[in-house]
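# Reading the structure
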Amino acid sequence: MGLDEITALPKLFKCMGRSYSVARSGGAVVIQDVTDITRPLPLGRAERCSESLWSVHTPQGHLAGRARGTLNAIAVLREATWPPRDPFIRVPAP
């Protein structure tokens, strides 16, 4: 699904073993990790930057990359926030 097809009503996606919610807010698409529905985790926003590309930003406003579709935007944000900020995922210390 293209980012420009997202509406204000949240849509759910499954990707990489997790659940995500995407919804339009203003001119941007807001993306959240909702795997634990009691603690949604904001991943970032995607905003149009050209005819076919969207700029993907972290919750802090940093540019994480560019995407052409919803799943690409989710993957860009997951990569930008690795290791996961999810407190229930434990990443072993090096």
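Residues numbered from 1 in each chain as written. Predicted model: local features only at pLDDT ≥ 70, side-chain atom pairs only at ≥ 80, totals over all residues. Heavy atoms only, no water.

### Topic: the pairing of strand β4 (residues 41-48)
Quick reminder of the rule: Each pair of strands is called paired provided DSSP finds at least two bridges between the two strands. Helix numbers and strand numbers start at the N terminus; a helix is a DSSP run of H or I with at least 4 residues, a strand a run of E with at least 2.
Pairing geometry for strand β3 (residues 28-33) and β4, over six bridges, is antiparallel. The residue bridging Gln32 from the neighbouring strand is Pro42, located in β4. The sheet contact formed by β4 and strand β5 (residues 54-57) spans four bridges and is antiparallel. Of the residues in β5, the one forming a bridge with Ala46 is Val56. Linking β4 to β5, which pair antiparallel, is a turn of five residues.

### Looking at the sheet that holds β3
We count it as follows: Axis lines are fitted to C-alpha atoms, over the contacting stretch for helices. Their N-to-C directions set the angle, which ranges from 0 to 180 degrees.
Strand order in this open sheet of six strands is β1-β2-β3-β4-β5-β6, and the pairing throughout is antiparallel. Each end of this open sheet is capped by a strand with a single partner; those strands are β1 (11-15) and β6 (63-67). The average angle at which neighbouring strand axes cross in this sheet is 25 degrees, direction not considered. In the sheet, β1 pairs with strand β2 (residues 18-25) via five bridges, with the strands oriented antiparallel. When the sheet's bridge partners are listed, Leu12 is paired in β2 with Ser21.

### What about the environment of Val22?
What counts is decided by this rule: Type-normalised accessible area, obtained with a 1.4 Å probe on protein chains alone, sets the label of each residue: buried when under 20%, exposed when over 50%, and partly exposed for intermediate values.
With respect to the helices, strands and loops of the structure, Val22 is situated in strand β2. Classification of Val22 by relative accessible area gives buried; the value is 0%.

### Focus on the nonpolar core
Applicable threshold: Buried Ala, Val, Leu, Ile, Met, Phe, Trp, Tyr and Cys residues that are joined via side-chain atoms within 4.5 Å together make up what is termed a nonpolar core.
Judged by nonpolar contacts, the single largest core of 17 residues is most densely connected at Val29, Ile31 and Val56. Elements with a minimum of two residues in this core: β1, β2, β3, β4, β5 and α1 (70-80). Ranked by residue count, the leading element in this core is α1, at four residues.

### Side note on the side chain of Arg18
The test is simple: Any pair of N or O atoms that falls within 3.5 Å is considered a polar contact. Within protein, one atom must be able to donate a hydrogen and the other to accept it, and sequence-neighbouring residues count only if both atoms are side-chain atoms.
Positionally, Arg18 belongs in strand β2. The exposure class of Arg18 is buried, given its relative accessible area of 12%. Of the polar contacts made by the side chain of Arg18, one reaches the side chain of Asp33; its length is 2.6 Å.

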